[in-house]
Amino acid sequence: MKKGDLLYTGKAKSVYTTDQADRLILHFRNDTSAFDGAKLAKLDRKGEMNNRINTFIMGHLESAGIATHFIERISAVDSVVKRLDMIKVECVVRNIVAGSLSKRLGIEEGFDLDQPVFEFFLKDDALHDPFINDSHIRAFSWASDAEIDAMRTLTLQVNDILKPLFANAGILLVDFKLEFGRDGDQLALGDEFTPDGCRLWDAKTRNKLDKDRFRRDLGDVVEAYEEVARRLGVPLQD
Ligand code: TMP
Ligand code: ASP
């Protein structure tokens, strides 16, 4: 597969066309962003670590029956994916209160939820990814009723699949964000699943093993990602 033109540059990944119209290449960079691009850094080996972790998680989800765009990892920092028509909303599930939910409702970070909370956000950095609900999505035609239902159901299914995967590695899946796209008349999981887009805490100590280490200047960011990979059994060498 040949890498073509740069199609899109995100904050941590670049997307390239290929010689096949329905295939794209995701290029995982070392760039690390927080607070919608307000805080930026390059962290050595992060691109490679995220490409490896994403390959592992997407493979696990596919084998559990979730349709994803992932096809294969083709280099340390590149993976081939199916081209989707992306829906501009972010789907978040939370098992433990943290981050914006803690701020919005004034509930202490670390509160264990009896049942998962599902939230939609609009994918728009300039607006700081505002919190939205089904009604906004319908009113502005960002997605159909059936797609709204599918995004919620699929995100909760992913939670049911990944919670035990992380638990077996001694890690709490606190929360995560997914993005979906249209593949014909079906939805498929797009984007990535890496410690950049979720919160992972050590089950015993509740130490942070995700991008909050960068947001909060805790240090050892990529070391924590590597620890997650090691505990999950993600291959760290080819
Ligand atoms: P939040 O607590 O900031 O709302 O984030 C919830 C989870 O979703 C957290 O794991 C980070 C992830 N997330 C992103 O990766 N990108 C985003 O733009 C948003 C809003 C959340
Ligand atoms: N994903 C957003 C960013 O990269 C928000 C965040 O992670 O803090 O800036």
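Residues numbered from 1 in each chain as written. Chains lettered and ligands numbered in written order. Predicted model: local features only at pLDDT ≥ 70, side-chain atom pairs only at ≥ 80, totals over all residues. Heavy atoms only, no water.

Colleague: When you look at the packing of helix 1 (residues 46-63) against helix 4 (residues 145-167) in this model, what are you seeing that I'm missing?
Modeller: When two helices pack together, their arrangement is given by the angle between the helix axes and by the axis-to-axis distance. Running from N to C, helix 1 and helix 4 point in directions that differ by 125 degrees, and their axes come no closer than 10 Å. In terms of orientation, helix 1 lies oblique with respect to helix 4. The crossing of helix 1 and helix 4 is right-handed. Contacts between helix 1 and helix 4 involve Phe56, Ile57, His60 and Leu61 from the first element and Val158, Ile161, Leu162, Leu165 and Phe166 from the second. Classifying every residue of the contact of helix 1 with helix 4 by side-chain character gives eight nonpolar, one polar and no charged. (Axes fitted to C-alpha atoms, helices over the stretch in contact; angles between N-to-C directions. Helix = DSSP H or I, 4+ residues; strand = E, 2+ residues; numbered from the N terminus. Parallel < 35°, antiparallel > 145°, perpendicular 65-115°, else oblique. Left-handed = near helix turned anticlockwise from the far one by under 90°. Contact = heavy atoms within 4.5 Å. Nonpolar A, V, L, I, M, F, W, Y, C, P; charged D, E, K, R; others polar.)

Colleague: Is there a simple way to think about the pattern of salt bridges in this case?
Modeller: When charged atoms on two side chains of opposite charge get close, those side chains can pair. Within this structure, the stated rule accounts for 35 salt bridges. Between aspartate 31 and arginine 29 there is a salt bridge, with its nearest N and O atoms 2.5 Å apart. An identical accessibility class is assigned to aspartate 31 and arginine 29; each is buried. A salt bridge links arginine 94 to aspartate 175, with the nearest nitrogen and oxygen atoms 3.5 Å apart. Within this pair, whereas arginine 94 is found in strand 9 (residues 89-96), its partner aspartate 175 is found in strand 12 (residues 171-178), the two being separated by 81 residues in sequence. Aspartate 175 shares its class with arginine 94; the two are buried. Among the charged side chains, a salt-bridge network with shared partners connects Arg94, Arg104, Glu109, Glu119, Asp175, Arg199, Lys208, Asp212, Arg215 and Arg216. (Salt bridge = Lys/Arg side-chain N within 4 Å of Asp/Glu carboxyl O. Buried < 20%, exposed > 50% of the residue type's maximum accessible area, 1.4 Å probe, protein only.)

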